[in-house]
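Chain residues, written in single-letter form:
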Amino acid sequence: MFANSKRILLKHIRVFIIVALLLPTLKVYSKNDIDSLRVLLSNANSSERLDLTLSLSKAYWSVAPAKGLDMARNAILLAQQTGNQGKKAKALLYGGVNFWAMGEYDKALNFYDSCYHIANRIGDVKLTAFAINNMGMIFQENGDSVKAMTNFRKALTIMRGLGDDVETAKIINNIGKLNTKSHKYKEALENYQTVIDLIKNANERKLYLWILNDIGEVYAEMNQNEKAIGYFEQGLQIANDLGDNVGKAMIYNNIGNININLKKYSEAEINFQKSAELARQSKAREQLMTTLKNLSDLFAQKHDFKQSLQYYQLFKEMSDSIFNENKSKNMINIQVRYETEAKQQEIELLRKDVDLKHLRITQQNSVRNFLLLLLLIATISAVIIYWQLQLKKKSNNQLAIKNEVIERQRAELKKASEHLQNTNQLLEEQQKEIKQHVESLHELNATKDKFFSIIAHDLRTPFNSIISFSNFLIEQVQEKNYEGIEQYAGIIQNSSQHAMSLLLNLQEWSQSQTGRMDFSPQFFDIVALCNDVVSLLNASAIQKSITITQELPRNASVIADKSMISTVLRNLISNAIKFTNNDGTIIISAEQSQKELIISVADNGVGINSNMLVRLFRIDESYSTSGTQNEKGTGLGLILCKEFVEKHGGKIWVESEVGEGSRFYFTIPKI
């Protein structure tokens, strides 16, 4: 009879195991608790949504596990979007609990395993132990005692290392239950005694009550009834102190079973009646159902079949009621799960369709960019040749004029010997000026030659990549070997975009230097311009999971050359993306005063060494470093920024600290 009672109590015991042993924060939530969490979630901002979704995933496990599973999956997606691996691991753990509550042990095991790997990778040792312990409980449910024991012992080793006596005791309690189930009563009793030693100084009276009950059940299985009753009575005393009617009902029921084994039917009836009354008061229907069945069996042994039948009918009515309720809950869970999985499949199909469209667009862009690159190379080559010819022509004209002056001076010297001394002095002064001018020209030409050598080197690098990987693509297509083509195409695209950016900056710089760039101030909204530039560069930021935030005033209109200010913003934001690590942040802000608008672009990237700060914004000092993903640059963008800002009468400067990031400022005077 004692074994039969334990089978009927299985569901109640399973619920307790989950509450007491899975997680320290897991509990049975009331409907009011769940409703409150749902209200909070509906009004939550983005930063609060993940924590509230996790809480609802925990809350639903005992009442609507299918909804709890849906919340766990939502929490996983939110954690992935924010890069929070710790909370993703927790969401996987709670998802496993909900699968466990639905009886889908294989899927629960997969969620626990994923939780374990993430927790282990990020160094969350306690969460790792919880995942291992929960996997052990799945193995125990499936009857694989060997794997269950292996997992419990691994979890126990980790928890002991953390020095958490209460959680260690709970894992040892699992081992004790497994030994009891395997009829290893001696080992089970040793386990339970270890649990008592660990929690004796902790405020875990309820756990202590259940351990005493477990020990009593082991002695009852061993037919050592006196010892069993002794432990049940100790547990009864704690239950009285705690006012735990469910615990008292359970123990009175167990004592009643021992009374039947000892043929003490009157005492058994008294204990069963106490158990039934306490179960009714606490609405513990599983316990009440067990006690009613025991009363039916008791009266059958006393040959009072009328009473036995009455109690059996009560037992059967309650059993059918619980069965129907569980059946209804299961149907609801199946419906919710079906709808959730259908929604997930629809999302997956949409995602694949978007990926296919994105791939097509990428291929089209690659071809377009390649053609544009060829066109730009030809255009830039023509511009450079024309510019060099113009410089040479200008130099020749200047030399011709100077020669004419010298010849005229010589003729005047011959004709005006009386002014020889003054003329000689004038010639010496003019020669000095000419020498200084020539030296200045030589220095300027040397600076520009150095600058163009840097540009040529940086242009050569992406073109070499484009040519090399284009050859690879041609060879692999000819050989019909398509492995790695997407990677090569991506490299060609990145090299093309780098060359395009460099050529665009070079074109604007050359127009500025030759005076061919019109300065056309107009009235425009700086916020709208920032939005346009961010939209243009947002794809590069997304590739590195960088968040771009704008902290701009609502009314920030200026009178300036819109194209030049767009170039300044584009270069500063592009540099910020280049030198910011994955998952970093870029903040664009503006501050207005009576005289000017101060705009800043800040990042939390690698920062700039103080020795390098003085080399920024100078054409005669080469400053170019690779980005966090080896993006290339020349420093030309900052030179353009300086020229365009100063053309407006503004200033540009930078504040930076290595490892903390950089903040570039520039001003636009108000007219």
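**Student:** Whenever I open this one, the nonpolar core confuses me. Can you help?
**Tutor:** Note on soluble globular proteins: their nonpolar side chains tend to be buried together. If you look at the biggest cluster of nonpolar residues, it comprises 86 residues, and the most contacted ones within it are W100, Y112, C115, L127, I211, I215 and I251. Other than its neighbours up to four places away in sequence, I211 contacts N173, Y192, V195 and I196. Of all hydrophobic cores here, the second largest spans 42 residues; its members include I548, A556, I608 and F644.

**Student:** Please explain a nonpolar patch on the surface as it appears in this structure.
**Tutor:** On the surface, a cluster of nonpolar side chains totalling about 430 Å² of accessible area is made up of V367, F370, L371, L374 and I377. If you trace the backbone, L374 turns up in helix α17 (residues 305-415).

**Student:** Got a minute to help me understand the packing of helix α4 (residues 46-59) against helix α6 (residues 85-101) in this structure?
**Tutor:** Angle between the axes and distance between the axes are the two parameters that describe a pair of packed helices. One way to put it is that α4 packs onto α6 with a least axis distance of 9 Å and a crossing angle of 20°. As summarised for this structure, α4 and α6 are arranged roughly parallel, according to the angle between their axes. Between α4 and α6 lies a crossing of left-handed hand. Every residue of α6 that contacts α4 at L50, D51, L54, S57 and K58 is listed here: K87, K90, A91, Y94, G95 and N98. Within the contact of α4 with α6, the residues separate by chemical class into four nonpolar, three polar and four charged.

**Student:** Teacher, can you tell me more about the side chain of K248 here?
**Tutor:** Looking at the element boundaries, K248 is found in helix α14 (residues 245-261). Despite its burial, K248 pairs with no opposite charge, the nearest such side chain being D244 at 8.1 Å. K248 has contacts with L236, A239, N240 and L278, leaving out every residue within four places of it along the chain.

**Student:** How should the sheet that holds strand β2 (residues 547-551) be read in this particular structure?
**Tutor:** Strands belonging to one sheet form pairs held by backbone hydrogen bonds; the direction of such a pair is parallel or antiparallel. Pairing is mixed in the open sheet, where five strands are placed in the order β2-β4-β5-β7-β6. Edge positions in the sheet fall to β2 and β6 (652-657), since each of these pairs with one other strand and no more. Neighbour-to-neighbour, the strand axes of the sheet open up by a mean angle of 15°, direction not taken into account. As defined by bridge partners, strand β4 (residues 585-592) adjoins strand β5 (residues 596-603) across seven bridges and the pair is classed as antiparallel. Bridging from a neighbouring strand, A590 pairs with I599 of β5. Contacts between helix α20 (residues 526-543) and the sheet are confined to β2, β4 and β5, with β2 contributing the most and set at about 175° to the helix.

**Student:** Can you walk me through the side chain of T128 in this structure?
**Tutor:** The topology assignment puts T128 in helix α8 (residues 125-141). On the basis of relative accessible area, T128 is assigned to the buried category, the value being 5%. In terms of polar contacts, T128 uses its side chain to reach the backbone amide nitrogen of N120, at 3.4 Å. At 2.8 Å, the side chain of T128 forms a polar contact with the backbone oxygen of D124. T128 has contacts with Y116, A119, N120 and I158, leaving out every residue within four places of it along the chain.

**Student:** Would you mind showing me how to read helix α10 (residues 165-181) here?
**Tutor:** Quick reminder: α-helices carry 3.6 residues per turn. Residues three or four places apart thus point the same way. In this model α10 runs 24 Å from its N-terminal to its C-terminal C-alpha over 17 residues, within 8% of the 24 Å that 1.5 Å per residue would give. The buried count for α10 comes to 15 of 17 residues, which makes it a mostly enclosed element. A positive phi of about 65° marks H183, the residue just after α10.

Analysis parameters
- Residues numbered from 1 in each chain as written.
- Predicted model: local features only at pLDDT ≥ 70, side-chain atom pairs only at ≥ 80, totals over all residues.
- Heavy atoms only, no water.
- Core = buried A, V, L, I, M, F, W, Y, C linked by side-chain atoms within 4.5 Å.
- Buried < 20%, exposed > 50% of the residue type's maximum accessible area, 1.4 Å probe, protein only.
- Contact = heavy atoms within 4.5 Å.
- Patch = residues over 30% accessible without salt bridge, like charges linked within 9 Å, V, L, I, M, F, W, Y side chains within 5 Å.
- Areas by Shrake-Rupley, 256 points an atom, 1.4 Å probe, with all protein chains shown as cover.
- Salt bridge = Lys/Arg side-chain N within 4 Å of Asp/Glu carboxyl O.
- Helix = DSSP H or I, 4+ residues; strand = E, 2+ residues; numbered from the N terminus.
- Axes fitted to C-alpha atoms, helices over the stretch in contact; angles between N-to-C directions.
- Parallel < 35°, antiparallel > 145°, perpendicular 65-115°, else oblique.
- Left-handed = near helix turned anticlockwise from the far one by under 90°.
- Nonpolar A, V, L, I, M, F, W, Y, C, P; charged D, E, K, R; others polar.
- Lys, Arg positive; Asp, Glu negative; His and termini not counted.
- Pairing = 2+ DSSP bridges.
- Polar contact = N/O pair within 3.5 Å; in protein donor to acceptor, adjacent residues only side chain to side chain.
- Expected span 1.5 Å × (residues − 1).

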